[in-house]
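# Understanding the architecture of this molecule
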Amino acid sequence: MNLKKHLFAGLTVSVLLPAQAAGPLPVVVAESEAFEIVGRLDENSLLLHVDRAPTNAPVLNATLAVEAGGKEVAAVFDAAAGAYRIADAAWLQPLRADGEHGLAFTLVVGDEADLLAGDLVVENHDHGAEPAPWRLSPLAGSALLGGLGLLAAGFGWRRLAQRRGGAA
């Protein structure tokens, strides 16, 4: 009987693990008749993909400036990513706060120019008030299920033995 208690306690202790919940990256979308801009704010930069609206052909090596909160910064073309990157930490810092942040884009491609606008939507979920969700690890879950099965089988065997008049 003591073995059953230890088995059950051992299977239930430390089997719950916090889930690795990564929130969605903040996104901005700006569109005009000629161009589309889609951007994602990650921990290091704002990465902006620019393409032509009618064909979805990427726009490479253009001049792109972005304005937020009265401050403008140039987005540098990153050939490896095929996108434009803003890595100015001081300029990006206000954009990390929860809410919608209006962005204005000035795009110059050859002799074409366009002004686009979009809202960067930021929803931070790590406010510290919500407890981390929990999940059962697969190995611990299997062990717990197996242990409960053995426990149930032991009780069933004991009951069967008592009905037959035997001692358990």
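None of these values were measured; they are calculated from a predicted model.

## Let's talk about the overall build of the protein chain
In terms of regular secondary structure, the protein chain is built from 3 helices and 10 strands. Taken over 168 residues, the protein chain has a buried fraction of 29%. Counted over contacts in the protein chain with a minimum sequence separation of 6, partners at least 24 positions apart contribute 53%. For the protein chain, the accessible surface area stands at approximately 11,000 Å², while carbon and sulfur atoms represent 59% of it.

## Observations regarding the pattern of salt bridges
In this structure the tally under the stated criterion is 2 salt bridges. Of the charged contacts, one joins Glu112 and Arg52 as a salt bridge, the two residues approaching to 3.0 Å between their closest N and O atoms. Within this pair, whereas Glu112 is found in strand β9 (residues 112–122), its partner Arg52 is found in strand β4 (residues 46–52), the two being separated by 60 residues in sequence. Note on Arg52: relative accessible area 27%, which makes it partly exposed. A salt bridge links Arg85 to Asp78, with the nearest nitrogen and oxygen atoms 3.1 Å apart. Assessed through its relative accessible area of 27%, Arg85 is described here as partly exposed.

## Considerations on the side chain of Asp114
Of note, Asp114 is situated in strand β9. Despite its burial, Asp114 pairs with no opposite charge; the closest candidate is Arg52, at 8.3 Å N-O. Side chain to side chain, Asp114 and Ser32 meet in a polar contact 2.5 Å long.

## Remarks on helix α3 (residues 138–163)
Along an α-helix, residues three or four positions apart point the same way, because every turn accommodates 3.6 residues. Relative to the 38 Å expected for 26 residues at 1.5 Å per residue, α3 spans 37 Å between its end C-alpha atoms, a close match to the ideal helical length. Taken together, the buried positions of α3 are Ala140, Gly141, Leu144, Gly147, Leu151, Gly154 and Ala161. Immediately beyond the C-terminal end of α3, within one or two residues, lies Gly165, with a positive phi of roughly 95 degrees.

## Points about unusual backbone geometry
Here the phi dihedral of Asn56 falls at roughly 65 degrees; this positive angle occurs in a residue that is not glycine. With respect to the helices and strands, the residue Asn56 is situated in the loop between β4 and β5 (63–68).

## Examining the nonpolar core
With 27 residues, the main nonpolar core has Leu48, Leu64, Ile86, Trp91, Leu103 and Phe105 as its most contacted residues. With 4 residues, strand β8 (residues 99–109) is the largest single contributor of residues to this core. Not counting chain neighbours up to four residues away, the residues in contact with Leu48 comprise Val28, Ile37, Val38, Gly39, Leu64, Val66, Ala75, Ala83, Tyr84, Ile86 and Phe105.

Conventions and cut-offs
Residues numbered from 1 in each chain as written. Predicted model: local features only at pLDDT ≥ 70, side-chain atom pairs only at ≥ 80, totals over all residues. Heavy atoms only, no water. Helix = DSSP H or I, 4+ residues; strand = E, 2+ residues; numbered from the N terminus. Buried < 20%, exposed > 50% of the residue type's maximum accessible area, 1.4 Å probe, protein only. Contact = heavy atoms within 4.5 Å. Areas by Shrake-Rupley, 256 points an atom, 1.4 Å probe, with all protein chains shown as cover. Salt bridge = Lys/Arg side-chain N within 4 Å of Asp/Glu carboxyl O. Lys, Arg positive; Asp, Glu negative; His and termini not counted. Polar contact = N/O pair within 3.5 Å; in protein donor to acceptor, adjacent residues only side chain to side chain. Expected span 1.5 Å × (residues − 1). Core = buried A, V, L, I, M, F, W, Y, C linked by side-chain atoms within 4.5 Å.

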